[in-house]
Structure formats: C-alpha cells, structure tokens
Amino acid sequence: MLKGIPQPRRADLTARALAYQNPRLPIPMRLAALLPFARMWWPLDAAALKAKARRRTRLEDFGTLAPLDEPLERICGALDTAELHALGRLGAHTTLLAALRNRLRLEELARRRPEIFSRPVTDPVVITGLHRSGMMFLHRLLARDPRFRSLPFWEAVNPLPFEEATARAASPDPRIKAGARVLSFLNWGSPEMIKMADLENDSPDEELMPLAMGFSSLFFEHLVPGRLARYATADYAYLHRALQAMQWIRPGGPRWLLRSPQHLERFGPLTGTFPDATIVQTHRDPVRSVLSLAAMLSYGLRQSYPHPNPHLIGRHVADLTERLLQASVRDRGAADRRFVDVHFAQLNADPMATIRRIYAAADAELTPETERLMTVWYPRHRRGRHGVHTYEAADFGLNVHALRERFAFYSDRYGIPREGP
C-alpha cells in the first residue's frame, strides 16, 4: 500500500481483513485500475498541477491567505510513496487539481468582487467529534431548520459554480448532477459503503473542498495513512473566505451549520476565526469510533489501492484519534460556554432534548414548525436503516484493552461509557 511498509502475512489476517486487502472491484473498474501510463497522464507533481490549474482557468494568482507551495509539495511527496492503482492516481490528481482551480477562482472572485468578503460569517454552529459519534445524524437533524445554511454533498464536493467565477449559482445548479455522479461511482465501486457512511447528495456534509483549498483537509491524511500525521490542520482564515463566497453564490439561512472531526484539534484557530461560534462536541466510546473508521477506510480505499493494508490503516486511525482527543482536551477550557457536550447514548435516547440544549446555548429560537420538521425526520433516519457492517479489532491488528488504556484520559474526563468488551 505504501512503499517501505510490508503487508501483513496472510496468516496474521482475519477473513474480513483478507477481503479488505484483496478487494473485488467491478470488472470495468478492475480493468481501468490497470491502465498503463497513469504516472504520465496524471502527474502528482506540485509544479505540474499548478501549471495545469492555471491553464484550465486562465488565472494566475493562488493568493497568500493560506500557504500553498509547502503543503502541496508535502502532499504530493506523500502520494509518491503510495502504491496507487491507475484509478487511485486519477482520483488524487483530480482532487488536487480541483482544489487548485477552486482556489484560483476564489482569489479571482475576491479581486473582482471585494464587497462579497465584507459580509462576515456570524454565529455559526460547528459540530465536531469522533467518527460515528452522532455527528452526521445531529448535523442532518439541525439542518431541518431553514435558518441554518449548510453544505449539501454536491456543494461540499464543488463549492464554487462551474461557470464564471464571479457569477451566482445557476438554476438548476449543474453541480447537483455532478455530485450525484460522484455518489453513483462511489456506490458502484464500494456497494457496502452505504452501511458505513450514509452519503446523500442533498444532505449536509463536511467542509471537504473548502478545507482542501487550503490544503489542510483530513482527506489527504486518510488517503496516505500515517504519512501526513500532524500536518492536516485546518486553516480557518481560508475556510472563512470560502464560506463568505458560498453564502453569496448560493444564499441560504443566516447562520452556518458546519461539521468536521478535524476541528477537534484546532479549537484555538477555530474560535479565533469564529469567536461567536457555538461548538457542539459529540462524544462516544473512542474504541467504537476507531474500529468503525478503520473499517470504512480499509473498505473504501479499494478505490485508490490494489491492496489496502488494514493493519496500517488501524494504526493510522488509532494514532489520529489519540491526536485529535489529546488536542481537544488540551485546548478546550473547562468553563467555556461556547461548547455543548452531546453524548451518543443521550442523543439516541432523546434527540429533541439534545436539540433544545443546543438551541439554548446558541441563543436560537426553536420554532414549533422547526420542531415539527425535526420530529418527523429523525424516526425515519435512525442508525442501521441500510444494514450493518460488522468488524472487530483483530481485523486491523488492534487490541481493545490497549485502546481503552490509550484513551482513558478522554473517557475519564467526559464520563464516556464503554460499548462492548
């Protein structure tokens, strides 16, 4: 999977881990993954990518609000150690090129329409927490309120319109169909993914490409497990600029509703950039989160690698989880009233009680109509409605007892109950 890191021996793999390591892609995808000349067609070289982005957009200025050369070169260098198949190389090339093109177009918008960036991003509600800790469910539930502005999947993938950089979004927006095509491809190549990450084109998603424009997205770290550790930290000045542009391009509710697990390690920059934010931190047994994310990556990375390494991915996820939690404990003030703690079990037992606490903390009114929309929505969107993907610690070369000791500092601080052994 990565140069210099051997795969586990067959005898050391569970049956499920062996399936992760040797995925069975659809035949057309399997053949496409073997295409020759991928390194020539889709270079992962910083200079080549920047030149191509400039040619495609006929723009030159990447701006200086967030670093570019150093992070882009580090990402490209890490990808060069990855044993990507042709489709994986195409995917990485396309993602980096899209981030560069969007950044050029965002800078052009700032140059030609500076008044757009005089409107602040005020009072956002930011959800953060570990994978599978209730973030997605809570995000989608809060998004029933039309006064919140969130990013549906299609916009998270393509935050700026395909047309002229200084134009508002078209109607109907072609990005909607583009997002649906992305999801169709993902579900075709990884049909079990819907059980792990219930992605929907029109439902709120994480700040994927807005963070990638600053080359500070966890997406890159997950793509090359363990090779970009302690690097993928969000640049909130650039995220702020992207949100300002998006709220002009496609006007919505007056308050942004955001979500990403990587905010856990950047509470300082997050609250510095958005001092009036309400931050909702979800909590769940971190062992469950580690195993669930390791399963999702071990399965999903079949779209990038011929042989994903589930043991390497397990170590990466455990290290990342500890890093995120250590930073959140270190940087969060115990008496900071901007934070709302949401425990997984309590959210599942009484979602509306959690919603009322969040609205009170955010100084927002929960109207009868919004409450009605939420109470109609959440019973139809409970966990497991698409089936359950099973996994165990041994699939990823991990030990549950060792993980519990490793995360005790966090579980003890927040009183997190164990799930399972």
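Structure first, text after, so check above.
Participant: Sorry if this is basic, but what is going on with the overall build of the protein here?
Facilitator: In terms of helices and strands, the protein carries 20 helices and 5 strands. A compact globule built from 421 residues would reach a C-alpha radius of gyration of about 22 Å, and the protein, at 21 Å, matches this within 12%. When its C-alpha atoms are laid out on the principal axes, the protein stretches across 55 × 55 × 35 Å. The burial tally for the protein puts 57% of its 421 residues in the buried class. Of the contacts formed within the protein by residues at least 6 apart in sequence, a portion of 83% connects residues at least 24 apart.

Participant: What am I meant to see in the nonpolar core here?
Facilitator: In a soluble, globular protein the nonpolar side chains are often hidden away together inside. Counting residues in each nonpolar core, the largest one holds 94 residues, and the members touching the most others are Leu79, Leu96, Phe215 and Leu243. Among all residues touching Leu79, those that are not within four sequence positions of it are Leu44, Leu84, Ala92, Leu96, Leu223 and Val224. Membership of the second largest hydrophobic core comes to 23 residues, among which are Val125, Met135, Leu138 and Leu141.

Participant: What exactly am I supposed to notice about the packing of helix 4 (residues 46-57) against helix 6 (residues 86-112) here?
Facilitator: Working note: a packed helix pair is described by the angle between its axes plus the distance between those axes. Contact geometry of helix 4 with helix 6 gives a least axis separation of 9 Å together with a crossing angle of 55°. For the element pair helix 4 / helix 6, the angle class is oblique. Taken as a pair, helix 4 and helix 6 cross one another with a handedness that is right-handed. Contact with helix 4, carried on its side by Leu49, Lys50, Lys52, Ala53, Arg54, Arg56 and Thr57, involves His93, Leu96, Leu97, Leu100, Arg101, Leu104 and Arg105 of helix 6 and no other residues of that element. The class makeup of the residues in the contact of helix 4 with helix 6 is 6 nonpolar, 2 polar and 6 charged.

Participant: Would you explain the sheet that holds strand 1 (residues 125-129) in this entry?
Facilitator: Hydrogen bonding along the main chain pairs the strands of a sheet, whether they run parallel or antiparallel. As summarised here, the arrangement of the 5 strands in space is 2-3-1-4-5, forming an open sheet in which the pairing is parallel. Bordering the open sheet on either side are strand 2 (148-149) and strand 5 (339-343), each of which pairs with just one other strand. Where strand 2 meets strand 3 (residues 255-259), 2 bridges bridge the pair, whose relative direction is parallel. In the strand pairing of strand 3, Arg149 is matched with Trp256.

Participant: Hey, could you run me through the environment of Ala335 in this one?
Facilitator: With respect to the helices, strands and loops of the structure, Ala335 is situated in the loop between helix 15 (310-331) and strand 5. Residue Ala335 is classed as exposed on the basis of its relative accessible area, which comes to 69%. On a C-alpha basis, the gap between Ala335 and Arg288 in space is 28 Å, while along the polypeptide they are 47 residues apart.

Participant: Looking at this structure, how should I read the side chain of Lys52?
Facilitator: Looking at the element boundaries, Lys52 is found in helix 4. Salt bridges are absent for the buried Lys52, whose nearest opposite-charge side chain, Asp45, sits at 12 Å. Within the structure, the side chain of Lys52 is placed 3.0 Å from the side chain of His93, a separation counted as a polar contact.

Participant: What exactly am I supposed to notice about the side chain of Gln244 here?
Facilitator: Turning to its location among the elements, Gln244 is positioned in helix 12 (residues 236-249). According to the relative accessible area criterion, Gln244 is buried, its value standing at 6%. Of note is the side chain of Gln244, whose polar atom sits 2.9 Å from the backbone oxygen of Phe117. Excluding residues that lie within four positions of it along the chain, Gln244 makes contacts with Ile116, Phe117, Ser118, Arg119, Pro120 and Val121.

Procedures and definitions
- Residues numbered from 1 in each chain as written.
- Predicted model: local features only at pLDDT ≥ 70, side-chain atom pairs only at ≥ 80, totals over all residues.
- Heavy atoms only, no water.
- Helix = DSSP H or I, 4+ residues; strand = E, 2+ residues; numbered from the N terminus.
- Rg over C-alpha atoms; globule rule 2.2 N^0.38 Å.
- Buried < 20%, exposed > 50% of the residue type's maximum accessible area, 1.4 Å probe, protein only.
- Contact = heavy atoms within 4.5 Å.
- Core = buried A, V, L, I, M, F, W, Y, C linked by side-chain atoms within 4.5 Å.
- Axes fitted to C-alpha atoms, helices over the stretch in contact; angles between N-to-C directions.
- Parallel < 35°, antiparallel > 145°, perpendicular 65-115°, else oblique.
- Left-handed = near helix turned anticlockwise from the far one by under 90°.
- Nonpolar A, V, L, I, M, F, W, Y, C, P; charged D, E, K, R; others polar.
- Pairing = 2+ DSSP bridges.
- Lys, Arg positive; Asp, Glu negative; His and termini not counted.
- Salt bridge = Lys/Arg side-chain N within 4 Å of Asp/Glu carboxyl O.
- Polar contact = N/O pair within 3.5 Å; in protein donor to acceptor, adjacent residues only side chain to side chain.

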